[in-house]
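Fold and geometry: a report
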Amino acid sequence: MLLVAAFAAVPLAAVANAQSFAELEARLEAHPSLSALGYDAEADRERAVASTALPDPVVSLGINNFPIFDPSFDSYLPTNKAVGIRQQFPSFAGREARAGEARAMSAQTEAVRDARYAALRAELIALLADKTRLTRQRSLAEARNAKYDELVDIVEAEIDAGRPAVYRLAEIESERAEVSRTLVDLDRQEAETDARLIDLVGLVPSTGLPPLTERDWSGAALEFHTVRIADAAVRVTDYGIDEARAAWKPEWGAQLTYQQRDEGAMFAGDDWVSGMVTFTVPLWAERKQAPNLRAAKAERAGAEQRYQAAARNAAAQYASRDAIIRSAASSIEVLQGKITAVEDEVQAQLITYESGVGGYAPIIDGEIAILKLRAEIEAETARKAAAIARLNALLVTQ
């Protein structure tokens with residue numbers, strides 16, 4: 001019953017699923033964090049459309065000069081009924097600047113979304129590399145356990161033959177305990193990896209790694225995602241300056257009022273129309289418009305500095321990832337060389353053993369050493385794959 005309950009507690013999404021990498025990319029596209037950024041970009045595009053529209057007209061209904069103590073519409077000459085409409089015309093330059101700023105913010109959000117997708121894709125590849133590493137390292141650890149079983153039988157036979165090899169049994173048990181701890185740690189790592197995969201794509205795929213090739217950087221800063229985001233932020237502040245400058249231009253308004261006078265004993269009724277045009281005067285520009293323009297220019301300067309910082313940081317990250325790739329490749333080469341050396345030594349020991357001299361234990365020790373080295377190669381291979389994926393994620397896909 002406990003086993004059944006434990007199995008039922010496992011999320012259905014945690015079951016390994018066979019998926020192509022293209023299908024995983026499609027699932028990644030639907031990640032909530034990416035969808036949220038898509039909605040943000042759409043909202044800014046809609047705001048850009050709204051920014052160019054005129055404000056709603058204001059309609060007024062009323063009466064003028066209505067007597068209080070002798071209420072009527074025909075006894076007092078100035079009394080009239082009025083219907084008016086007023087329309088404001090904000091500065092066209094200001095409206096265009098606000099629309100451009102909203103469009104620039106939308107472009108910046110799209111750049112953020114592209115960078116986020118690239119980072120998530122790199123994380124997915126790194127997790128798939130970890131899944132492959134965990135599977136192979138577990139297989140190698142189990143093979144080591146089997147070799148220790150063989151080694152125990154050989155050492156016990158040597159002890160029975162009167163050879164002083166008792167100490168070796170203690171060493172073997174210590175090494176087997178290390179393998180057991182390794183297997184436990186691999187289980188922990190696999191559980192963590194599965195949880196992160198479910199967060200990314202909603203399931204645990206049994207997908208292999210896609211082909212990985214390190215992308216070259218031409219040296220242009222705008223090839224980096226983070227730099228493009230910073231550049232888009234500079235464009236936003238450019239429109240902020242335009243908007244601040246547009247504040248000096250007048251905001252126009254027009255008002256039209258229709259008035260109706262009822263017929264009375266001493267005058268005939270009549271209708272008439274009043275019109276008015278208004279415009280703003282930047283009388284207090286030194287206290288309002290000028291500081292706003294200085295603030296917009298300061299924001300633009302800050303955005304430019306963040307652009308420079310992003311360019312430096314992206315180049316440093318590229319160099320760092322590249323160094324990791326080179327280091328992992330060199331480590332793999334060194335480990336392969338060690339495996340070749342150990343294989344040669346095992347072959348020599350085997351020839352000696354077959355000639356009737358020496359024991360079989362050194363051969364098993366050599367095979368165990370090779371298994372350890374192969375486990376290290378798997379770790380370096382996964383590290384290299386993750387570094388390549390994260391390096392590529394720094395660069396904008398054309």
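The rules behind each value
- Residues numbered from 1 in each chain as written.
- Predicted model: local features only at pLDDT ≥ 70, side-chain atom pairs only at ≥ 80, totals over all residues.
- Heavy atoms only, no water.
- Helix = DSSP H or I, 4+ residues; strand = E, 2+ residues; numbered from the N terminus.
- Expected span 1.5 Å × (residues − 1).
- 1 Å grid on protein atoms, 1.4 Å probe; cavity = no way out; pocket = protein on both sides within 12 Å on 5 of 7 lines; lining within 4 Å.
- Points joined across faces, edges and corners; volume = space filled by probe spheres on them.
- Nonpolar A, V, L, I, M, F, W, Y, C, P; charged D, E, K, R; others polar.
- Salt bridge = Lys/Arg side-chain N within 4 Å of Asp/Glu carboxyl O.
- Buried < 20%, exposed > 50% of the residue type's maximum accessible area, 1.4 Å probe, protein only.
- Patch = residues over 30% accessible without salt bridge, like charges linked within 9 Å, V, L, I, M, F, W, Y side chains within 5 Å.
- Areas by Shrake-Rupley, 256 points an atom, 1.4 Å probe, with all protein chains shown as cover.
- Pairing = 2+ DSSP bridges.
- Axes fitted to C-alpha atoms, helices over the stretch in contact; angles between N-to-C directions.
- Core = buried A, V, L, I, M, F, W, Y, C linked by side-chain atoms within 4.5 Å.
- Contact = heavy atoms within 4.5 Å.

Some remarks on helix H7 (residues 289-354)
If you check H7, its first and last C-alpha atoms are 96 Å apart, about what 66 residues at 1.5 Å a residue would give, namely 98 Å. Among the residues trailing H7, glycine 356 stands out with phi positive, at a value near 95 degrees.

A closer look at the layout of surface pockets
Here the largest pocket is characterised by a volume of approximately 510 Å³. At seven residues, helix H6 (residues 225-246) tops the list of elements feeding residues into the lining of the largest pocket. Of the residues assigned to the lining of the largest pocket, the class counts are 14 nonpolar, seven polar and seven charged. As a volume, the second largest pocket reaches approximately 360 Å³. Along the wall of the second largest pocket there are 20 residues; nearest its centre are Ala118, Arg121, Arg215, Asn392 and Thr397. Elements represented by at least two residues in the lining of the second largest pocket include exactly helix H4 (92-160) and helix H8 (361-394). Here the lining of the second largest pocket gets seven residues from one element, more than from any other, and that element is H4. In terms of residue class, the lining of the second largest pocket is made up of eleven nonpolar, four polar and five charged.

Thoughts on the pattern of salt bridges
Counted by the stated rule, this structure contains 27 salt bridges. Linking aspartate 322 and arginine 326 is a salt bridge whose minimum nitrogen-to-oxygen distance equals 3.1 Å. Of this pair, aspartate 322 and arginine 326 both sit in helix H7, four residues apart, which is roughly one turn of that helix. By relative accessible area, arginine 326 is classed as partly exposed at 45%. Among the charged side chains, a network of salt bridges with common partners joins Lys131, Arg138, Asp187, Glu190 and Asp194.

Thoughts on a nonpolar patch on the surface
A cluster of nonpolar side chains, namely Leu54, Phe89, Trp252, Val277, Phe279, Val281, Leu283 and Trp284, defines an oily patch on the protein surface of about 890 Å² accessible area. With respect to the helices, strands and loops of the structure, valine 277 is situated in strand S6 (residues 270-279). The class for valine 277 is exposed, based on a relative accessible area of 58%.

Focus: the sheet that holds strand S3 (residues 80-89)
In spatial order, the strands read S2-S3-S5-S6; together these four strands make up an open sheet with antiparallel pairing. Each edge of the sheet is formed by a strand with only one pairing partner; in this case those strands are strand S2 (58-64) and S6. On average, adjacent strands in this sheet sit at an angle of 15 degrees to one another, irrespective of strand direction. With nine bridges connecting them, S3 and strand S5 (residues 252-261) associate as antiparallel partners. Across the sheet, residue glutamine 87 finds its bridge partner in S5, namely alanine 254.

Quick word on the side chain of arginine 113
Structurally, arginine 113 is set in helix H4. Given a relative accessible area of 17%, arginine 113 falls into the buried group.

A closer look at the nonpolar core
Counting 19 residues, the largest nonpolar core has Phe21, Leu24, Leu28, Leu124, Leu200 and Val201 as the members making the most contacts within it. Contributing elements (two or more residues each) for this core: helix H2 (21-29), H4, helix H5 (166-201) and H8. No other element matches H4, which puts eight residues into this core. Setting aside chain neighbours within four positions, we find leucine 24 in contact with Gln19, Leu124, Leu128, Val201, Leu203, Pro205 and Thr207.

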